[in-house]
Amino acid sequence: MTFSLHGLAVSSGIAIGRAHLVSHATLEVAHYKVRDKEIATEVERFDAAVAAVRAELESLKSEASAPGTPSEVAAFVDIHAMILADPMLTEQPRELIRERRCNAEWALVQQMEQLVEQFDEIEDAYLRERKHDVVQVVERVLKALMGKARKVAKRGRDEDLIVVAHDLSPADTIQFKTLKIGGFVTDLGGATSHTAIVARSLAIPAVVGLHHARPLVREDDLVIVDGSRGVLIVEPDARVLEEYRLRKSELELERSKLKRLKNARSATLDGEEVALYANIELPQDIEQVKEVGADGIGLFRTEFLFMNRDELPGEDEQYEAYKSVAKAMAGRPVTIRTLDLGADKEARALAGSERQSTNPALGLRAIRYCLAEPQIFLTQLRAILRAAHHGNIRILIPMLAHVAEIEQTLAMIAQAKAQLRTTRHKFDENIRVGGMIEIPAAALALGPFVKRLHFLSLGTNDLIQYTLAIDRSDEAVAHLYDPLHPAVLRLIHQTIAAGARAEIPVAVCGEMAGDPAMTRLLIGLGLRQFSMHPSLILEVKQQVVTADAEMLAMKVGRLLRFEEPDRLREHVEKLNG
Ligand code: PEP
Ligand code: MG
């Protein structure tokens, strides 16, 4: 049956492919089809893993019966053994391997999801919570399977895999960089959540906030993701499919035409230079940055180096990562933002130690976390300082609001330098330090910031979140997320003006900078440094090279007086002709 669902458009483009339903856990296992002649071996592989876990549980049980071991341990082992004996987990996956030719891990995880759904429906809270035991048992079997992982020669039809999930964390999404996913859709999520941001950086079409995609779409359904309009079409009829295939090839053509702008000077018609920097999450993103000829890196979100791993990256590992980016950019500026963990960004390695916050976006996030964990912070600072010896690196501090935070951070940088002197490491003594302006309090009291810092970067994603008091990753309030709210525009304008008066550069590195519909407005507000995902740079450049900065400044100056959002929006649209 054909039907469509509407959500939030977060990453443009069109993907046409087969639906693949996932939960968080499934993302970490390989999905592929086994060949007919390999089915028997795959079933054996599965049976061997189950047998290994059974033996493991038995030996745990005999250890647990030793004197002095708390009785809960034996009870817990018993529950796991009982779950493992359930035919849903031991028999059904074998059927899936035989009938649908799924690899063992994939078959097992599909069964796990069904079981977990059944648990979710149980009224009794204690029994409902047993689903965590199911997941743990499955993880044990997965571990055993991975120990005996079969080499996958080629990952079949992965290019047109469309991931359909209830929700995806930024840590899940970043894994798509290696998995080659055609597009994804989720039921939850806001347009500037980090999940959406990662989708844009992957340049794959994505729609979030669909509410019912996960329960309505079936595995292998033919789906179209229209990432520009925020629509998911399931089992389209032949006419719609043809129409979308045509639009997809038109879009590809337009994209390839944009490539001609790669080496064009980024300046307005009246000669104002506009720097177009790239936002990256991992060193491997540099390839894409080079393809579009970015002027530098305006934001390296280093927290992504800390995700999906059991141990934190050490100083040397971080140093190598930062150095590789600096070298690849060959003298162009590379702005490394210090760790911005917290809110929707979590690191598995810190999971146990993190305090549970009732309101994580307002909690111990970003610089607040780093100042509370000086060893983690100092390690990162030393790595950045050392890497800066090999290129044009600058440090960017997220979520500053208080002067004391700036001063403590500068003191920590001085301490990191002193440590490097003691250990005789080479580093950049004169590294420049900038601050993100993403809390309204900072934008409203900029004096101390411009006095102590070398540059500013407006994080409009958070600035909007905190100014309008809406959670950027909650689709229930996504309609209230408004970059054109007069209060937001005034804060941006004031920050750019304060930077100009103090003669320090101000950039915008939030998603607004990569939205071509905002380019003229931002130029009119005086912005000359934009930082965005590399996939958006050429589209924004097209706006820059056809803009008249002086005229825009006049028009935008008038527009700032409007307090009625509709009139303001109307005038912004007029700027874009
Ligand atoms: C922002 O808040 O605008 C920003 C660039 O930082 P992040 O999206 O990583 O919070
Ligand atoms: Mg931010």
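Model, not experiment: these values are computed from the prediction.

Assigned secondary structure in the protein consists of 26 helices and 16 strands. Buried residues in the protein amount to 53% of all 577 residues. Counted over contacts in the protein with a minimum sequence separation of 6, partners at least 24 positions apart contribute 70%. Summed over its atoms, the accessible surface of the protein is roughly 25,900 Å², and 52% of this surface lies on carbon and sulfur atoms.

A surface patch of negative charge is lined by Glu242, Glu243, Glu250 and Glu254. Structurally, the position occupied by glutamate 243 is in helix H13 (residues 238-258). Glutamate 243 sits in the partly exposed class, given a relative accessible area of 45%.

This paragraph deals with empty space enclosed by the protein. Taken as a whole and assessed by the stated rule, the structure comprises two cavities of 30 Å³ or more. Considering only enclosed or pocket space, the largest cavity measures out at about 70 Å³ in volume. If you trace the largest cavity, you find 15 residues lining it, with Arg301, Arg337, Met436, Glu438 and Asn461 closest to the centre. Looking at the lining of the largest cavity, the elements that each hand over two or more residues are strand S10 (297-301) and helix H21 (460-468).

Under the domain assignment, the protein is made up of domain 1 (3-23 + 166-256), domain 2 (26-145) and domain 3 (262-575). Centre-to-centre separation of domain 1 and domain 2, based on C-alpha positions: 31 Å.

All right, on to the environment of alanine 30 then. Relative to the helices and strands, alanine 30 resides in the loop between helix H1 (24-27) and helix H2 (39-64). On a C-alpha basis, the gap between alanine 30 and valine 506 in space is 44 Å, while along the polypeptide they are 476 residues apart. Those residues in contact with alanine 30 that lie beyond four places of it in its chain are Asn103, Glu105 and Trp106.

Secondary-structure assignment places glutamate 42 in helix H2. Glutamate 42 sits in the buried class, given a relative accessible area of 1%.

A few words now on the site of ligand 1. Every one of the 17 residues lining ligand 1 counts as a neighbour, but Arg301, Arg337, Gly459, Asn461 and Arg472 are closest to it. Here an oxygen atom of ligand 1 and a side-chain polar atom of arginine 365 are 3.3 Å apart. One nitrogen or oxygen atom from the main chain of threonine 460 is found 3.1 Å from an oxygen atom belonging to ligand 1. Across the complex, the protein chains shield 100% of the 290 Å² of accessible surface that ligand 1 would expose by itself. Taking a 2 Å distance to the grid points as the criterion, the majority of the atoms of ligand 1 fall inside the largest cavity. The dominant element in the shell around ligand 1, judged by the number of residues it contributes, is H21, at three residues. Taken together, the residues of the shell around ligand 1 sort by class into four nonpolar, five polar and eight charged.

What follows covers the environment of leucine 216. Among the secondary structure elements, leucine 216 is positioned in helix H12 (residues 213-216). When its relative accessible area of 45% is taken as the criterion, leucine 216 is described as partly exposed. When residues no more than four places from it in sequence are discounted, the contact partners of leucine 216 are Phe3 and Leu5.

Counting across every chain of the model gives one aromatic pair. Between phenylalanine 300 and tyrosine 322, the aromatic rings sit 5.8 Å apart at their centres with planes inclined by 85 degrees, giving edge-to-face as the arrangement. Of the two residues, phenylalanine 300 sits in strand S10 while tyrosine 322 sits in helix H15 (residues 315-328), which places them 22 residues apart along the sequence. Like tyrosine 322, phenylalanine 300 is buried. Lying across the ring of tyrosine 319, arginine 386 places its NZ or CZ 4.1 Å from the centre. Here arginine 394 stacks its cationic end above the ring of phenylalanine 455, 3.8 Å away from the centre of that ring.

Moving on to the coordination of the magnesium ion (ligand 2). At 2.0 to 2.2 Å from the magnesium ion (ligand 2) lie its protein donor atoms, namely Glu438 (OE) and Asp462 (OD). Of this pair, glutamate 438 sits in the loop between strand S13 (432-437) and helix H19 (440-444) while aspartate 462 is found in helix H21, placing the two residues 24 residues apart along the sequence. Aspartate 462 carries the same exposure label as glutamate 438, and that label is buried.

Locating alanine 191 in the fold gives a position in the loop between strand S5 (183-186) and helix H11 (194-202). As for alanine 191 and arginine 98, which are separated by 93 residues in sequence, their C-alpha atoms are 40 Å apart. If we skip the residues at most four places from it in the chain, alanine 191 touches Leu8, Val10, Ala196, Arg200 and Arg472.

Okay, the nonpolar core next. In terms of nonpolar packing, the biggest core is built from 126 residues, with Ile297, Tyr322, Ile393, Leu521 and Phe530 touching the most fellow members. Two domains share this core, each providing at least three of its residues, namely domain 1 (3-23 + 166-256) and domain 3 (262-575). Once residues lying within four places of it in the same chain are set aside, the contact partners of isoleucine 393 are Tyr322, Ala326, Val334, Ile336, Ile384, Ala387, Ala388 and Ile431.

All right, on to unusual backbone geometry then. Positive phi, close to 55 degrees, is recorded for alanine 203, a residue that is not glycine. Structurally, alanine 203 is set in the loop between H11 and strand S6 (206-208). Using a relative accessible area of 30% as the deciding quantity, one classes alanine 203 as partly exposed. Phi angles above zero are rare outside glycine, and histidine 211 is one such case at about 70 degrees. Looking at the element boundaries, histidine 211 is found in the loop between S6 and H12. Residue histidine 211 is classed as partly exposed on the basis of its relative accessible area of 44%.

Conventions we followed
- Residues numbered from 1 in each chain as written.
- Chains lettered and ligands numbered in written order.
- Predicted model: local features only at pLDDT ≥ 70, side-chain atom pairs only at ≥ 80, totals over all residues.
- Heavy atoms only, no water.
- Helix = DSSP H or I, 4+ residues; strand = E, 2+ residues; numbered from the N terminus.
- Buried < 20%, exposed > 50% of the residue type's maximum accessible area, 1.4 Å probe, protein only.
- Contact = heavy atoms within 4.5 Å.
- Areas by Shrake-Rupley, 256 points an atom, 1.4 Å probe, with all protein chains shown as cover.
- Patch = residues over 30% accessible without salt bridge, like charges linked within 9 Å, V, L, I, M, F, W, Y side chains within 5 Å.
- Salt bridge = Lys/Arg side-chain N within 4 Å of Asp/Glu carboxyl O.
- Lys, Arg positive; Asp, Glu negative; His and termini not counted.
- Charge placed at Lys NZ, Arg CZ, Asp CG, Glu CD.
- 1 Å grid on protein atoms, 1.4 Å probe; cavity = no way out; pocket = protein on both sides within 12 Å on 5 of 7 lines; lining within 4 Å.
- Points joined across faces, edges and corners; volume = space filled by probe spheres on them.
- Domains from an automatic or database assignment.
- Near = heavy atom within 4 Å.
- Polar contact = N/O pair within 3.5 Å; in protein donor to acceptor, adjacent residues only side chain to side chain.
- Sits in = over half its atoms within 2 Å of the grid points.
- Nonpolar A, V, L, I, M, F, W, Y, C, P; charged D, E, K, R; others polar.
- Phe/Tyr/Trp six-rings, centres within 6.5 Å; stacked < 30°, edge-to-face > 60°.
- Lys NZ or Arg CZ within 6 Å of the ring centre and 35° of its normal.
- Donors = N, O, S within 2.8 Å, 3.2 Å for Na, K, Ca; no water.
- Core = buried A, V, L, I, M, F, W, Y, C linked by side-chain atoms within 4.5 Å.

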